Amino acid sequence: MLFGEASIPVEKAVFPRALWLDRLIDIPPAIKQINKVLTSGRFPHFSIISGPPGAGQLIAALHAAQFLLCGSEHKPCGECLSCYKVNGLIHPDLHFSFPLIGAGALAIDHYGPFREAVKEQAYLDLPFWQRKFDADNKQFNISKAETWSVIERMSMKPNEGDCNVMVIWMPEFLGKEGNVLLKLLEEPPGNSYLIMATEDPSAILPTVRSRAQVFQLPPVDEGVLADYLCRQFSMERDRAMEYAIISASDVATCINWASQQSVRWLDLGKMMFQKAFIGDPMGFLEWNERLIALSRDEQKQFFSFVERLLSLSLRTRHGLLTVREGVEVLEYAAKISGRMDAQTIDNMQIMITDTIYAIQRNANIRILLLDFMIKLSGLIRGV
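In what follows, the accompanying structure is described. Everything quoted here is computed from the prediction, not taken from an experiment.

How each quantity is defined
Residues numbered from 1 in each chain as written. Predicted model: local features only at pLDDT ≥ 70, side-chain atom pairs only at ≥ 80, totals over all residues. Heavy atoms only, no water. Phe/Tyr/Trp six-rings, centres within 6.5 Å; stacked < 30°, edge-to-face > 60°. Helix = DSSP H or I, 4+ residues; strand = E, 2+ residues; numbered from the N terminus. Lys NZ or Arg CZ within 6 Å of the ring centre and 35° of its normal. Buried < 20%, exposed > 50% of the residue type's maximum accessible area, 1.4 Å probe, protein only. Pairing = 2+ DSSP bridges. Axes fitted to C-alpha atoms, helices over the stretch in contact; angles between N-to-C directions. Parallel < 35°, antiparallel > 145°, perpendicular 65-115°, else oblique. Left-handed = near helix turned anticlockwise from the far one by under 90°. Contact = heavy atoms within 4.5 Å. Arc of directions from axis to C-beta. Core = buried A, V, L, I, M, F, W, Y, C linked by side-chain atoms within 4.5 Å. Lys, Arg positive; Asp, Glu negative; His and termini not counted. Salt bridge = Lys/Arg side-chain N within 4 Å of Asp/Glu carboxyl O. Polar contact = N/O pair within 3.5 Å; in protein donor to acceptor, adjacent residues only side chain to side chain.

1. Observations regarding the packing of aromatic side chains
Part 1 of the argument: Evaluation of the coordinates by the stated rule reveals 20 aromatic pairs.
Part 2 of the argument: With 6.5 Å between their ring centres and 75 degrees between their planes, W287 and F303 make a pair best called edge-to-face. Of this pair, W287 sits in helix α13 (residues 281–292) while F303 sits in helix α14 (residues 296–317), and the two are 16 residues apart along the sequence.
Part 3 of the argument: Among the aromatic residues, those joined into a ring-pair cluster are F96, F98, Y111, F114, W129 and W169.
Part 4 of the argument: R23 extends its terminal NZ or CZ atom over the ring of W20, reaching a point 3.9 Å from the ring centre.

2. Details of the pairing of strand β6 (residues 192–198)
Part 1 of the argument: Of all seven residues that make up β6, seven are buried, and the element is covered over most of its length.
Part 2 of the argument: Residues S192, L194, M196 and T198 point to one face of β6 and Y193, I195 and A197 to the other, with burial holding for every one of them.
Part 3 of the argument: The pairing of strand β1 (residues 46–50) with β6 spans five bridges and is classified as parallel. Within β6, the position partnered with I48 by the bridge is M196.
Part 4 of the argument: For strand β5 (residues 164–169) and β6, the ladder comprises six bridges, and the chain directions are parallel. Counted as the bridge partner of M166 is L194 from β6.

3. A word on the packing of helix α9 (residues 222–233) against helix α10 (residues 237–246)
Part 1 of the argument: One can describe the packing of α9 onto α10 by two numbers: an axis separation of 8 Å at closest approach and a directional angle of 130 degrees. The angle between the axes of α9 and α10 places the two elements in the oblique class. As for how α9 packs across α10, the hand of that crossing is right-handed. Two secondary-structure elements touch here, α9 through E222, G223, L225, A226, D227, L229 and C230 and α10 through R237, A240, M241, Y243, A244 and I245.

4. Some points on helix α4 (residues 111–120)
Part 1 of the argument: Within the span of α4, buried status applies to Y111, F114, A117 and V118. Along the axis of α4, the buried residues cluster in a sector spanning 130 degrees; they form a single face. Among the exposed residues of α4, those oriented more than 90 degrees off its buried face are K119 and E120.
Part 2 of the argument: Contacts from the buried residues of α4 go to α2 (57–69), β2 (94–97), α5 (126–132), α6 (144–155) and β5.

5. Concerning unusual backbone geometry
Part 1 of the argument: Cis geometry is adopted by the peptide bond preceding P76, which originates at K75 and carries an omega value of -20 degrees.
Part 2 of the argument: When you line up the elements, P76 lands in the loop between α2 and α3 (81–87).
Part 3 of the argument: Even without glycine at this site, L89 takes up a positive phi of about 60 degrees.
Part 4 of the argument: The residue L89 is located in the loop between α3 and β2 in this model.
Part 5 of the argument: Phi is positive for A248, which is not a glycine, with a value near 60 degrees.
Part 6 of the argument: In this fold, A248 is placed in the loop between α10 and α11 (251–258).

6. A look at the nonpolar core
Part 1 of the argument: Counting 109 residues, the largest nonpolar core has F43, V165, F273, W287 and F303 as the members making the most contacts within it.
Part 2 of the argument: Judged by nonpolar contacts, the second largest core, of 19 residues, contains I151, I168, L181 and L194.

7. Considering the side chain of E298
Part 1 of the argument: For E298, the position within the fold is in helix α14.
Part 2 of the argument: Here E298 occupies a buried position and makes no salt bridge, while the nearest side chain of opposite charge, R290, is found at 11 Å.
Part 3 of the argument: Among the polar contacts made by the side chain of E298, one reaches the main-chain amide nitrogen of S295 at a distance of 2.9 Å.
Part 4 of the argument: In this structure E298 touches Q260 and W265, once residues within four positions along its chain are discounted.

The structure is reproduced here in structure tokens:
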């Protein structure tokens, strides 16, 4: 009471419930393991969340961060001010590091584009991030200057909570610069947590990797992913399952393909192989016109689809994949593997990689695609 006046209770702010965990398409056992460790209060100061492309590693890392920074008794509540800020990626005690272009580039100077990218595509992948910089053919890295910035930010006193959380997305881009972080990992300052979200843990230095507790996410279940695509993009179930299978359950890739539903990549791929098998010059031109009508991004997506289709055909050829009756993409992959040997398929994948690179370099698309079809036809027909 002040000057005889009764004190007025201040209501605690409550925000619309928003949890990063809810952005996961599926909740695998690894997430339950992470939750168990978080709830026990024994979450490691250095952890690696790993998994195949599109498994939701970044979302899982942000879920852990939301739990650690939540100010409520039941964590994460999704409704307190801290949860609201973590949901918006604006909490002052939540820090990020990620691949950029340039030896001196610092993540803290690019938080805006990163927040925008993650909000737009929670299952963030490198191609999507590259498009934010219009940098398909430029080399990304996490520089030595950035590693020192990580140490500096981790050493700061927390602003609002009782801990700092650093999320490093794509730590495989650290390379040898990961050695700079060793002392930080051995003697973490205060109450701080460093979480790496990676698609390729083998690319992280063994001296770094050995100091972490690793949580391994599995691929998203094909059926669950297909159901998600049907709901989000009003897709036919067969096509959604086709995308889930050929992408190896890569959610980000499936979303990219689903956003271009006017073009069915499998039909375009079938047309390409049919014209190449026949060796029909007029057919080459017809296929060319179909490809030229697409944007460069769509053209790259198509060739990426074919690359994955060829990978499926190799797996079916070697008995590593069961061909399910009625699944068109698997039946066609098996058909390809029956008509071409492994060396031909390998050579074809090299051609496709070179073509994607040429598209990124803004090559003359009409000449590029015609040259590709002539070489593809010669490769398939052995002439």
